[in-house]
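These are the residues of each chain, in order.
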Amino acid sequence: MSDAVLITGGSGGIGRAIARRAVEAGFSVVNLDLRAPEEPLPREIFFSCDFADLVSARAVLAEVAAKHAPLRLVNNVGVVKPASIEETTPEDLATVMDVNLRSALLAAQALLPAMRAARFGRIVNIASRAALGKELRSAYGASKAGLIGLARTWALELAADGITVNAIGPGPIATELFRRANPDNSPRTRAIIEGVPVKRLGTPEDVAHGVHFFLDDRAGFVTGQVLYVCGGMTVGLAPV
């Protein structure tokens with residue numbers, strides 16, 4: 001059985017923390033990202049991949065599936081295009097959907113033959129608390145809600161093959177991506193932090209901890225679930 005974990009967007013932020021945790025757990029890591037990590041990890045293999053480019057992404061995923069046959073997949077790659085409803089363009093919506101949502105479908109399709117043959121698989125989609133609604137996140141929120149929908153649908157389709165599919169919904173996490181969309185000096189950013197019940201931003205390691213529960217061999221009876229790693233922000237909100 002392959003011990004490889006395929007992580008999309010594994011060179012920075014949440015993806016990097018997931019990769020580090022995977023190596024600590026004894027897995028090898030196949031990292032698909034636009035840019036290589038600054039400091040490669042032991043047992044890490046990097047592939048440059050542009051998930052906005054359908055043809056290129058399919059080619060890279062086919063190579064990964066043929067050479068490494070990972071049985072664990074973390075769909076983490078993502079892009080944010082903050083904008084009000086009036087300012088959200090069809091082009092931005094398409095880009096966000098291609099990178100955040102279509103990438104998950106492509107990656108899962110590429111790895112499913114090996115998972116089905118092994119009668120084992122673990123798929124984790126990195127969604128977001130924004131799937132429950134967040135101002136200025138029309139495209140992003142829709143894409144992350146879509147990842148939850150995919151996880152719940154795939155969980156039903158793949159359960160009989162020994163493949164579990166779950167989602168993580170991070171709240172505000174202190175990453176470069178978060179800082180770009182939420183500048184430190186912004187009143188909106190301060191309001192976000194003050195609204196977190198635990199009174200701090202989350203860390204990429206907080207998210208990685210939840211992901212690796214779902215990736216574990218022993219998590220075979222947990223599928224179709226969403227774990228919000230949000231410092232309590234979703235308490236009292238309707239679940240998706």
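What you see is a predicted model, and the numbers here were worked out from it, not measured in a lab.

### Regarding helix 2 (residues 54-68)
In a regular helix each residue adds 1.5 Å, so 15 residues correspond to 21 Å; helix 2 covers 21 Å between its end C-alpha atoms and thus fits that length. Buried residues belonging to helix 2 abut strand 1 (4-8), strand 2 (28-33), strand 3 (44-48) and helix 3 (90-118). The opening residue of helix 2 is Asp-53, an N-cap whose side-chain oxygen sits 3.2 Å from the backbone nitrogen of Val-55. Positive phi appears at Ala-69, one or two residues downstream of helix 2, with a value of about 45 degrees.

### Re the packing of helix 3 against helix 4 (residues 138-158)
Packing of helix 3 against helix 4 brings their axes to within 8 Å, and their N-to-C directions diverge by 20 degrees. Accordingly, the angle class assigned to the pair helix 3 and helix 4 is roughly parallel. Of the two elements, helix 3 crosses helix 4, and the hand of that crossing is right-handed. Contacts between helix 3 and helix 4 involve Leu-93, Val-96, Met-97, Asn-100, Leu-101, Ala-104, Leu-105, Ala-108, Leu-112 and Arg-116 on the former and, on the latter, Ala-139, Tyr-140, Ala-142, Ser-143, Lys-144, Gly-146, Leu-147, Leu-150, Trp-154 and Leu-158. Of the residues belonging to the contact of helix 3 with helix 4, the class tally is 15 nonpolar, three polar and two charged.

### Let's talk about the pattern of salt bridges
Evaluation of the coordinates by the stated rule reveals 13 salt bridges. With a closest N to O distance of 2.3 Å, Arg-43 and Asp-3 form a salt bridge. Highlighted residues: Arg-43 in the loop between strand 2 and strand 3 and Asp-3 in the segment before strand 1, separated in sequence by 40 residues. According to the relative accessible area criterion, Asp-3 is partly exposed, its value standing at 31%. Here Asp-206 makes a salt bridge to Arg-200, at a shortest N to O gap of 3.1 Å. Judged by relative accessible area, which is 27%, Asp-206 ranks as partly exposed. Several salt bridges share partner residues, and in doing so they unite Arg-116, Arg-119 and Asp-161 into one network.

### Comments concerning the confidence of the model for the protein chain
Caution applies to low-pLDDT parts of the model: their predicted coordinates are not meant to be read in detail. Averaged over every residue, the pLDDT of the protein chain is 95; residues scoring 70 or more account for 98%. Taking the mean pLDDT of every element in the protein chain, the minimum, 78, falls on helix 5 (residues 176-181) and the maximum, 99, on strand 4 (residues 72-75).

### Some words on the side chain of Thr-175
By secondary structure assignment, the location of Thr-175 is in the loop between strand 6 (163-170) and helix 5. Those residues in contact with Thr-175 that lie beyond four places of it in its chain are Gly-13, Ile-14 and Pro-204.

### What about the sheet that holds strand 3?
Sheet architecture is open: seven strands sit in the order 3-2-1-4-5-6-7, paired in parallel fashion. Because the sheet does not close on itself, it has two edges, and the strands there are strand 3 and strand 7 (226-229). Across the sheet, the mean angle separating the axes of adjacent strands is 20 degrees when strand polarity is ignored. As paired strands, strand 1 and strand 2 are joined by five bridges and run parallel to one another. Its bridge partner lying in strand 2, Ile-7 is registered against Asn-31.

### Thoughts on the nonpolar core
The biggest cluster of nonpolar side chains holds 38 residues, and the ones touching the most others in it are Leu-6, Leu-32, Leu-73, Met-115, Ile-123 and Val-165. For this core, the secondary-structure elements that each account for two or more residues are strand 1, strand 2, helix 2, helix 3, helix 4 and strand 6. Among the elements that make up this core, the one with the highest residue count is helix 3 (nine residues). The contacts of Leu-73, once residues within four sequence positions are left out, are Leu-6, Ala-107, Ala-108, Leu-111, Met-115, Arg-122, Ile-123, Val-124 and Leu-215.

### Concerning unusual backbone geometry
Phi at Arg-119 takes a positive value of approximately 55 degrees, unusual for a residue other than glycine. Within the secondary structure, Arg-119 is located in the loop between helix 3 and strand 5 (121-126). Phi is positive for Lys-199, which is not a glycine, with a value near 65 degrees. With respect to the helices and strands, Lys-199 occurs in the loop between helix 6 (187-194) and helix 7 (204-215).

Analysis parameters
Residues numbered from 1 in each chain as written. Predicted model: local features only at pLDDT ≥ 70, side-chain atom pairs only at ≥ 80, totals over all residues. Heavy atoms only, no water. Helix = DSSP H or I, 4+ residues; strand = E, 2+ residues; numbered from the N terminus. Expected span 1.5 Å × (residues − 1). Contact = heavy atoms within 4.5 Å. Polar contact = N/O pair within 3.5 Å; in protein donor to acceptor, adjacent residues only side chain to side chain. Axes fitted to C-alpha atoms, helices over the stretch in contact; angles between N-to-C directions. Parallel < 35°, antiparallel > 145°, perpendicular 65-115°, else oblique. Left-handed = near helix turned anticlockwise from the far one by under 90°. Nonpolar A, V, L, I, M, F, W, Y, C, P; charged D, E, K, R; others polar. Salt bridge = Lys/Arg side-chain N within 4 Å of Asp/Glu carboxyl O. Buried < 20%, exposed > 50% of the residue type's maximum accessible area, 1.4 Å probe, protein only. pLDDT = per-residue confidence, 0-100. Pairing = 2+ DSSP bridges. Core = buried A, V, L, I, M, F, W, Y, C linked by side-chain atoms within 4.5 Å.

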